[in-house]
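Tertiary structure, described
What follows is the residue order along each chain.
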Amino acid sequence: MKRFIVFLSVVFLSAFDGYAQEIIQRKFEKMGSSFELTLVHDDPNEAERLIEESIAEIDRIEQLISSWDKDSQTSQINKMAGIKPQSISKELYDLIERANTIARLTDGAFDISYASVDNLWSFTGEEIHPPSPSLVEASVNKIGFEKIKVNAKQQSIFLPKKGMKIGFGAIGKGYAADRVKALLQTQGVKAGIVNASGDMSAWGTQPDGSAWQIALVNPMNKNKVFSWFSLHNTAVVTSGDYERYLLMEGKRYGHIINPKTGYPSQGVVSCTVFAPKAELADALATALFVMGEEAGIDLVNQLPNVDALMITDDGEIITSQNITVDETN
Ligand code: AMP
Ligand code: MG
């Protein structure tokens, strides 16, 4: 079996000499992942201050959406499942509403309530004994974005069944990338890239006016680039099965759950989505994994300004209508 992994790497193609604008970059760990901020700025001290502000914003978002932090608003919603509605901030309420819109769009392939089955699976890269089918079934009965009771007036969320849970693992980094980009733009940063562990949101251009470029690389041969893409005020996100997976009876399963079955989805190994917002790209990349290449690409072809590239477990590369990839490279 041929196994491809897509890596996205930011490549600066031009020299910056002679321009007052500089590129300032910082890498750091947040939300359990590595982030990298790239800012184009004429004042390195101010850029460093803005990076600190961005890091504080990521911390704030993590405190809002984390399922691990037992004091987060998300944990409060989960704790109150089957008991009573939980009033939350407008920011989280709106994020849940948008997540449910994407759930409807993807016919439930992306669903924040997938998390009811979270405790059945641990994606440590090791061989596991499958959980009993009755346990899986009992958990699947608690999944369903349409079961989530939203009350706009009270700004509250109610998970009606005990054991129901929501989780933002498939959309949180994209949301954070969008928020940091907005923060930096508001503060006058004309160009940059927020890279949240592969969830990238770019705006503006490089100091010499050329577009930001990313490469999709075939890791079987890292010198070989599938294709170059210019990023013009675009986000690009990749979901892959290569970082977090498990083995069952020798077969490899990635960490994305099919909400309809409660089992990890199979068949797709990598999925890259281009969209105006990282939040949408993030959620769609996860959904396409579950939907599979045919239904997934079909959906993307109907969405304006959205494109995708998927790689199946037998090495087939499928792209939406606006993307061409040179496999002979
Ligand atoms: P991503 O890397 O963006 O594809 O997100 C994967 C993460 O999203 C997983 O580790 C889970 O936390 C969560 N997740 C898994 N399956 C789903 C699903 N079908 N819908 C929404 N979130 C999911
Ligand atoms: Mg995602």
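Residues numbered from 1 in each chain as written. Chains lettered and ligands numbered in written order. Predicted model: local features only at pLDDT ≥ 70, side-chain atom pairs only at ≥ 80, totals over all residues. Heavy atoms only, no water.

This part is about the pattern of salt bridges. Overall, the coordinates contain 11 salt bridges when judged by the stated rule. With a closest N to O distance of 2.9 Å, E52 and R26 form a salt bridge. Of the two residues, E52 is situated in helix α1 (residues 44–65) and R26 in strand β2 (residues 22–30); the sequence distance between them amounts to 26 residues. (Salt bridge = Lys/Arg side-chain N within 4 Å of Asp/Glu carboxyl O. Helix = DSSP H or I, 4+ residues; strand = E, 2+ residues; numbered from the N terminus.)

Positive phi values are uncommon outside glycine, yet D107 reaches one of about 55°. On the secondary structure map, D107 appears in the loop between α3 (90–105) and α4 (133–140). Despite not being glycine, E249 shows a phi value in the positive range, around 45°. On the basis of relative accessible area, E249 is assigned to the exposed category, the value being 72%. (Buried < 20%, exposed > 50% of the residue type's maximum accessible area, 1.4 Å probe, protein only.)

What follows is about the coordination of the magnesium ion (ligand 2). Those donors, A170 (O), D282 (O), D282 (OD) and T286 (OG1), are the protein atoms that reach the magnesium ion (ligand 2), and they lie 2.0 to 2.5 Å from it. The partly exposed category is assigned to A170, whose relative accessible area is 21%. Looking at T286, the relative accessible area reads 10%, which means it is buried. (Donors = N, O, S within 2.8 Å, 3.2 Å for Na, K, Ca; no water.)

What the three strands build is an open sheet, ordered β4-β6-β5; its pairing is antiparallel. In this open sheet, the two strands that pair with only one neighbour each are β4 (86–87) and β5 (149–151). Across two bridges, β4 lies against strand β6 (residues 156–158) in antiparallel orientation. Each residue of the ladder has a partner; that of Q86, found in β6, is I157. Lying over the sheet, α3 contacts β5 and β6, oriented at roughly 135° with respect to β5. (Pairing = 2+ DSSP bridges. Contact = heavy atoms within 4.5 Å. Axes fitted to C-alpha atoms, helices over the stretch in contact; angles between N-to-C directions.)

So, about the confidence of the model for the protein chain. Overall, the prediction assigns the protein chain a mean pLDDT of 90, with 91% of residues at 70 or greater. Scored below 50 in pLDDT, residues 1–19 shows 69 contacts in the model against residues more than four places distant or in partner chains. (pLDDT = per-residue confidence, 0-100.)

A separate point is the pairing of strand β12 (residues 245–248). Every second residue of β12 is oriented toward a common face, the buried set being L246 and M248 and the non-buried set Y245 and L247. In this structure, the hairpin formed by β12 and strand β13 (residues 251–254) is closed by a connection of two residues, where E249 is found at a positive phi of approximately 45°.

Turning to the nonpolar core, a few remarks are in order. Membership of the largest hydrophobic core comes to 67 residues, with the highest contact counts inside it found for L92, I96, F168 and V273. Those residues in contact with L92 that sit more than four places away from it in its chain are L64, I65, Q73, T74, I77 and F168. (Core = buried A, V, L, I, M, F, W, Y, C linked by side-chain atoms within 4.5 Å.)

This part takes up the site of ligand 1. Near ligand 1, the surroundings consist of 14 residues, among which Y114, S239, R244, I257 and T286 are the closest. A distance of 3.4 Å separates an oxygen atom of ligand 1 from a polar atom in the backbone of G169. For ligand 1, an oxygen atom lies 2.9 Å from a polar atom in the side chain of H255. In isolation ligand 1 offers 500 Å² of accessible surface; the protein chains occlude 90% of this area. Among the residues making up the shell around ligand 1, the classes are represented as seven nonpolar, four polar and three charged. (Near = heavy atom within 4 Å. Polar contact = N/O pair within 3.5 Å; in protein donor to acceptor, adjacent residues only side chain to side chain. Areas by Shrake-Rupley, 256 points an atom, 1.4 Å probe, with all protein chains shown as cover. Nonpolar A, V, L, I, M, F, W, Y, C, P; charged D, E, K, R; others polar.)

With that settled, consider α4. Turn by turn, an α-helix covers 3.6 residues, leaving residues three or four places apart pointing in a common direction. Every buried residue of α4 is accounted for by V136, S139 and V140. The buried residues of α4 occupy one face: seen down the axis, they fall within an arc of 100°. Opposite the buried face of α4, by more than 90 degrees, sit the exposed residues S134 and E137. (Arc of directions from axis to C-beta.)

What follows is about the packing of aromatic side chains. Inspection of the entire model under this criterion finds three aromatic pairs. Judged by centre distance (5.6 Å) and plane angle (10°), the ring pair of F28 and F35 falls under stacked. Residue F28 is classed as buried on the basis of its relative accessible area of 12%. The ring of Y245 is capped by R252, whose NZ or CZ atom sits 3.8 Å from the centre of that ring. (Phe/Tyr/Trp six-rings, centres within 6.5 Å; stacked < 30°, edge-to-face > 60°. Lys NZ or Arg CZ within 6 Å of the ring centre and 35° of its normal.)

Helix length check: helix α6 (residues 278–302), at 25 residues, gives a terminal C-alpha distance of 18 Å against a target of 36 Å (1.5 Å per residue), a shortfall beyond 12%. Within α6, the axis deviates most sharply at G292, by approximately 130°. (Expected span 1.5 Å × (residues − 1). Bend = angle between axes of the 7 residues up to and from the residue.)

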